[in-house]
Each structure stands twice: as C-alpha cells, then as structure tokens.
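Observations on chain architecture
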Amino acid sequence: MDRSQEPPHAAAARGAVEVSLRRFDLADVDAMMVWASDPQVAAVCRWEPYESTEPLLAYLRDTVLPHPWFRAICVAAAVDGDGGGDDRPVGAVSVSPTADACRAELGYVVARAHWGKGVATAAVKRVVAAVFGEVEGLERVEALVDVRNAASQRVLEKAGFRREAVLRSYCVLKGEVRDMVIYSFISTDPLQPIAPSPAAVRRRAPMEVTLRRFELSDVDAMMAWASDPAVAAFCRWEPYQSTEPLLAYLRDTVLPHPWFRAICLATGAGAGDGDGRPVGAVSLAPTADACRGELGYVALVDVGNAASRRALEKAGFQQEAVLRSYCVVKGQLRDMVIYSFISTDPLVE
C-alpha cells in the first residue's frame, strides 16, 4: 500500500475529526473507487488510477480481504458537508509483514476530499495505538515516503513516527528512481493523543471511574460478572452458579484482603450505572518480595487475551516478557505475558 498526500491546510481551524478503522468488505468497492480512480491520489502511489470497478473489486477480493492487517478509514462525523460520517471508507491503511516478524510496513491512502483535514494523521495514530496489541511479535512499524512528499512526512511526524534516514536511489516509482525517507514507530514509543470531534464529545457522557472497599451487600452486583462465562474465560475461577459461595468468597477473601477494591462508575454510562454498585474489581496482592505486588486485573495476562493486554498498555504498563507454559488455567497449560509498572514510570492521563 502506498502513501498519499495530505497538504498543510488549516486543519485545526476546521475542528477535530473523529476517525475510525474497520475491516473492508466487498460492498466498499464503490467508495474505494472515489480515490482509486483519482490521478492526483495515485500520483505518489505505485499503482495507476483505476478505470473501472472490476479490477478494483478483484484487488479488494484477492488482496485486501485476505491481508493480515488492512483497514478502511472512516470519518465518524461529517466534515464540511462532504458526505462523510456514514461509515463509507474515505481511505485505507495497511500494516504489511516484512521478512522479519518484528517489523511491518505502514501504507495509507486518503481520498482527496479529505486531504488537509487531519484524517490521515488520526488514522495513523489509531493504527499504532492498536496494531502492536493485535499482531503478535510486532515491535516496529516503518514507513517509506518519497523524499519530495513533504505532506506525508508531516503526517507521520505528527503521529509520532521518527525520521531515521534518507535512502538514496531506493526504488523506482512511476518509472523514475526515487530517494525515500524512512520513518519508524516502535512498540515502546509514546502514543500521540487522538482528539475526538466536537460532535463526538457532545455525544459521549463523561465517565468517571472510582474505587472503593467492598461490602457484603455488594454480592448481588458481583454476581453479574462472577456468573458470566465470558468474563470467567480468562480467569482461574469458574463462573459462580449461586450467591452463597460468592458471599463466602467476599466475606473470607475479599474483605480481609490488604488491597481489594470495587470498580464503580461515578456517572451514568448506561442503564443502572453510576449508582455506586460495583461493575468490576481490582486487587493488588502482596508477593514474596515486599517491593512488589501483583495486580489482580491481571499483571500476568494470558497471551491470547489481547483486550486485557491493551488495557494494561493504555494504562502505562510495560510488557516485559512472555512466560512460556507458565500456569494451568481451566485445565490447559498457558503462556502468560508479564507486565509491570514501577514507581518511577510516568502516569498516563
């Protein structure tokens, strides 16, 4: 996938754009044709403008859909009345494997109507926020940009990529030998903030999470998740069938625990939320070394539990290792990923 330009118009003056990424489907071919047939979009790409939808449909079917990480860029809120905001793709972004499993190459393209509005930058930010947690073993995402494509270079720099070198006479593009600039983003680089659109901010009610000590009267609220097989799937315990054993656990284990807290939503995020009832639990259990504690949401995470790993990474935890065949969960030997947060690590807002 090749990189397209995003000229330096006054994006800030237009207001923030909320961009989302999703998988493509065959029904997206007409939306793709908008940019795939545009000579100005194709000018800095390896491919020529498409003349009809048939070859584009074949590309979508044979290349895009089977690709390990190829996403449609959608604008969640309409921009300048140009028809955005209806889940139709306004561009595409891909992260393609290389010969080394730890590296992948970023490519993106955005329809000309969305140049200069921050769409490409927001999409690239979302890619690096997600892809390291979704592609096993990935440590580095790199991008190659024509040395003359200043707009695309700015996109990468705004998204947190680091310029590493100019590679002279690196490739042939449109029959011409080109110098290319190589950029990289590695898994430990800080993520850049993704600004939502003003409309999105108005749509979302603020959600404040608070922690408090448990009480015996919380047993019914606890039962909502403790009895859920989907919640218990990555936990050592089996779903509770009744409140009696859960009440015993609450009384004998949770209440005497040195640091076991109920997770509560202080403001409504849905029906019944915001009334002080627990919607989850978090614990910090002592270890054999007084300087260490184990987080009960869970500093040791099943290697297949990508969602829990993302939660820790977003909270500022650092992945340290994959511990092979570390424990038995639900009768199965599991690999576990170990994460840590030390006292000198920066807090994530």
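This section reports on the structure supplied with the text. (Residues numbered from 1 in each chain as written. Predicted model: local features only at pLDDT ≥ 70, side-chain atom pairs only at ≥ 80, totals over all residues. Heavy atoms only, no water.)

**What about the sheet that holds strand β5 (residues 140-146)?**
Test applied: A pair of strands is labelled paired if DSSP reports no fewer than 2 bridges between them. Numbering goes from the N terminus for both helices and strands, where a helix is a DSSP run of H or I of at least four residues and a strand is a run of E of at least two. Axis lines are fitted to C-alpha atoms, over the contacting stretch for helices. Their N-to-C directions set the angle, which ranges from 0 to 180 degrees. We call two residues in contact whenever any of their non-hydrogen atoms come within 4.5 Å of each other.
Spatially, seven strands are ordered β1-β2-β3-β4-β5-β7-β6 in an open sheet, and the strand pairing comes out mixed. Pairing within the sheet leaves two strands with one partner each, and these edge strands are β1 (19-23) and β6 (162-173). Across this sheet, the average inter-strand angle for adjacent strands is 30 degrees, counted without regard to direction. As judged from the five bridges shared by strand β2 (residues 70-75) and strand β3 (residues 89-97), these two strands associate in the antiparallel manner. Within β3, the residue paired with Ala-72 across the bridge is Ala-92. Of the strands in this sheet, β3 and β4 (103-110) touch helix α2 (residues 29-36), which is tilted by about 85 degrees from β3. Its contacts with the sheet put helix α6 (residues 150-158) on β4, β5, β6 and β7 (176-186), and the angle it makes with β5 is roughly 160 degrees.

**Here we look at the packing of aromatic side chains**
For clarity, the cut-off: Side-chain rings of Phe, Tyr and Trp, where Trp is taken by its six-membered ring, are said to pair if the distance between their centres is within 6.5 Å; with planes under 30 degrees apart they count as stacked, over 60 as edge-to-face, and otherwise as tilted. Burial classes follow relative accessibility: with a 1.4 Å probe on protein chains only, a residue under 20% of its type's maximum area counts as buried, one over 50% as exposed, and anything between as partly exposed. Look at NZ for Lys and CZ for Arg. If either is within 6 Å of the ring centre and within 35 degrees of the ring normal, a charge sits over the ring.
On inspection of all chains with the given rule, the structure shows seven aromatic pairs. With centroids separated by 6.3 Å and ring planes inclined at 50 degrees, the aromatic side chains of Trp-47 and Tyr-50 adopt a geometry described as tilted. Relative to Phe-260, the ring of Phe-214 has its centre 5.9 Å away and its plane inclined at 70 degrees; by these criteria the two rings are edge-to-face. Remark: Phe-260 occurs in strand β9 (residues 260-265) and Phe-214 occurs in the loop between β8 (209-213) and α8 (219-226); sequence separation between them is 46 residues. Accessibility assignment for this pair places Phe-214 and Phe-260 in one class, buried. Members of the aromatic cluster, joined through ring pairs, are Phe-132, Phe-161 and Phe-185. Looking at Arg-261, its charged tip hangs above the ring of Trp-259, at a distance of 4.6 Å from the centre.

**As for helix α11 (residues 306-314)**
Put simply, the rule is: Taken from the helix axis, the directions to the C-beta atoms give the arc we talk about.
Of the residues making up α11, those classed as buried are Ser-308, Arg-309 and Leu-312. Projected down its long axis, α11 shows its buried positions confined to an angular sector of 100 degrees, all on one face. Gly-316 occupies a position one or two residues after α11 and carries a positive phi of about 100 degrees.

**Section: a nonpolar patch on the surface**
Heads up, the condition is: In this scheme, patches are assembled from residues that exceed 30% relative accessible area and form no salt bridge. Like charges are connected within 9 Å, while nonpolar side chains (Val, Leu, Ile, Met, Phe, Trp, Tyr) are connected within 5 Å. Residue exposure ignores everything except the shown protein chains as possible cover, and the areas themselves are Shrake-Rupley values with a 1.4 Å probe. What counts as a salt bridge is simple: a side-chain nitrogen of Lys or Arg found within 4 Å of a carboxyl oxygen of Asp or Glu.
A cluster of nonpolar residues, Val-209, Leu-211, Trp-259 and Leu-284, forms a patch on the protein surface that exposes about 350 Å² of accessible area. Considering the arrangement of structural elements, one finds Trp-259 in the loop between α10 (243-254) and β9.

**With respect to α6**
Here α6 has its buried residues at Ala-151, Ser-152, Gln-153, Val-155 and Leu-156. Considering only its buried residues, α6 is in contact with β4, α5 (119-134), β5, β6 and β7. Once α6 finishes, Gly-160 follows within two positions and takes phi at roughly 100 degrees, a positive value.

**Re the sheet that holds β8**
Pairing is antiparallel in the open sheet, where four strands are placed in the order β8-β9-β10-β11. The sheet terminates laterally at β8 and β11 (293-295), the two strands that pair on one side only. Averaged over all pairs of adjacent strands, the angle between their axes in this sheet comes to 30 degrees, without regard to strand direction. Note: strand β10 (residues 278-286) against β11, three bridges, orientation antiparallel. Note on β11: the bridge partner recorded for Leu-284 is Leu-295.

**Notes on the pattern of salt bridges**
With the rule as written, the count across this model stands at 15 salt bridges. Here Asp-62 and Arg-61 are joined by a salt bridge, their closest N and O atoms 2.9 Å apart. Between Glu-176 and Arg-178 there is a salt bridge whose closest N-O contact spans 3.5 Å. Linked by salt bridges that have partners in common, Asp-100, Arg-103, Arg-140, Glu-142 and Glu-164 make up one network.

**Things to note about the pairing of β3**
Within β3, eight of the nine residues are buried, leaving the element largely enclosed by the surrounding structure. Examined bridge by bridge, β3 and β4 share seven bridges and lie antiparallel to one another. When the bridges of β4 are listed, Ser-96 appears paired with Glu-105. What sits between the antiparallel neighbours β3 and β4 is a turn of five residues.

**Some remarks on the nonpolar core**
A general trend in soluble globular proteins is that nonpolar side chains are found buried together. To be explicit about the condition: Definition used in this section: a nonpolar core is a set of buried Ala, Val, Leu, Ile, Met, Phe, Trp, Tyr and Cys residues joined via side-chain atoms within 4.5 Å.
In this structure, Phe-24, Trp-35, Val-95, Leu-106 and Phe-161 are the most contacted members of the largest nonpolar core, which totals 53 residues. Ranked by residues supplied to this core, first place goes to α5 with nine residues. Discounting chain neighbours no more than four positions away, the residues touching Phe-161 are Leu-106, Val-124, Val-128, Val-141, Leu-156, Tyr-183, Ser-184 and Phe-185. Within the second largest apolar cluster, 13 residues are counted, among which are Phe-214, Val-219, Ala-226 and Val-254.

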